[in-house]
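In case you want the letters, here they are:
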Amino acid sequence: MSAEAPQAQATSVENNSQKGKSSPVKAGKAQTGAVTTATQLESSWSFWFAKRTTKSENFAEGLCCLVNVDSVESFWLHYAHIKRPADIPLNSELSFFRSGAKPMWESFPEGGSWSFRLKKKNPILNRIWEELILACVGEQMGEPYDVVGVCISIRQKEDVISIWNRDSKNRSVLGEKLKILLHMEPNCPMEYKQNNGKITHSRSASQQQQSHPVHTAPVSVPVAKPVGQAIEVAAQ
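Residues numbered from 1 in each chain as written. Predicted model: local features only at pLDDT ≥ 70, side-chain atom pairs only at ≥ 80, totals over all residues. Heavy atoms only, no water.

1. Considering the packing of aromatic side chains
Aromatic ring pairs are reported here in terms of the distance separating the ring centres and the angle at which the planes meet.
Part 1: One pass over the structure, following the stated rule, counts 12 aromatic pairs.
Part 2: Geometrically, the ring pair formed by Phe47 and Phe75 is stacked, given 6.2 Å between the ring centres and 25° between the ring planes. On the criterion of sequence distance, the pair formed by Phe47 in strand β1 (residues 40-51) and Phe75 in helix α1 (residues 72-79) is long-range, its members being 28 residues apart.
Part 3: Residue classification places Phe75 among the buried residues on the basis of a relative accessible area of 0%.
Part 4: Measuring from ring centre to ring centre gives 5.2 Å for Trp114 and Tyr192, while their planes differ by 65°; the resulting arrangement is edge-to-face. (Phe/Tyr/Trp six-rings, centres within 6.5 Å; stacked < 30°, edge-to-face > 60°. Helix = DSSP H or I, 4+ residues; strand = E, 2+ residues; numbered from the N terminus. Buried < 20%, exposed > 50% of the residue type's maximum accessible area, 1.4 Å probe, protein only.)

2. Considering the sheet that holds strand β3 (residues 92-98)
Part 1: Taken in spatial order, the 7 strands make up an open sheet running β2-β1-β3-β5-β6-β4-β7, and their pairing is antiparallel. Edge strands, defined here as strands with exactly one partner in the open sheet, are β2 (63-71) and β7 (191-194). Taking each pair of neighbouring strands and ignoring which way they run, the sheet shows an average axis angle of 20°.
Part 2: Two elements, β1 and β3, share 7 bridges in a ladder whose sense is antiparallel. (Pairing = 2+ DSSP bridges. Axes fitted to C-alpha atoms, helices over the stretch in contact; angles between N-to-C directions.)

3. Comments concerning the pairing of β1
Part 1: β1 sits mainly inside the fold: 9 of its 12 residues count as buried.
Part 2: Across 7 bridges, β1 lies against β2 in antiparallel orientation. Each bridged residue has a counterpart across the sheet, and for Trp48 the counterpart in β2 is Cys65.

4. Quick word on the pairing of strand β6 (residues 158-165)
Part 1: Judged by how many residues are buried, β6 sits mostly within the fold: 8 of 8 residues are covered.
Part 2: Along β6, one buried face is formed by Glu158, Val160, Ser162 and Trp164 and the opposite face, lined by Asp159, Ile161, Ile163 and Asn165, is buried too.
Part 3: Sheet analysis places strand β5 (residues 147-154) next to β6, joined by 7 bridges and oriented antiparallel. Across the sheet, the residue bridging to Ser153 is Val160, located in β6.

5. Some thoughts on the side chain of Ser168
Part 1: Following the sequence through the fold, Ser168 ends up in the loop between β6 and α3 (171-181).
Part 2: Ser168 sits in the buried class, given a relative accessible area of 9%.
Part 3: Only 3.3 Å separates the side chain of Ser168 from the side chain of Gln194, close enough to count as a polar contact. (Polar contact = N/O pair within 3.5 Å; in protein donor to acceptor, adjacent residues only side chain to side chain.)

Okay, here's the thing in structure tokens:
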């Protein structure tokens, strides 16, 4: 999506995060003004936030939908008030998914996700996040409506970026699109994991440990030079 952020501003995003959890919404003074026209997106999208306090915490209970957007104007309006991935606390996840489904494996049993890692404090983390979600709202990745969302998980030693799709059969097309979008090397190894395997493992672990398992960390991949900038290899 190539639309620029609109000049007109409305009220700031309401903080919908659960009590006792760090808010991913920036503090800011509400501004007046009205957007007279709206450029509708092909699909509505939602920003999600999750903060895991313990390994045994039910992941679904920790999910919080921040806001839904359905137009170019509403996207830029709310995006301006949401913290960037580099600014959210450890053990948190910031997600951007098609509205109507939660960012959980069970929501897309036939799908999966491509994942890669970045070192902590990598200066391009926020840039990658923005490029990915703009590609999502512009329907610029792979098969139409196949990509369902993007998730960034802030870990202790690294940050994990995952791009989810609805049908695992389209993994190759999506993988090639991602390499082009993020300026990765042609032979850059990325790991794709199917959700049905994660769901089976989750149920098995739940029965044995009576707890919700944490997300499995994907393998590290080297990233090339997006937008002419050198990037550190995720793990050396």
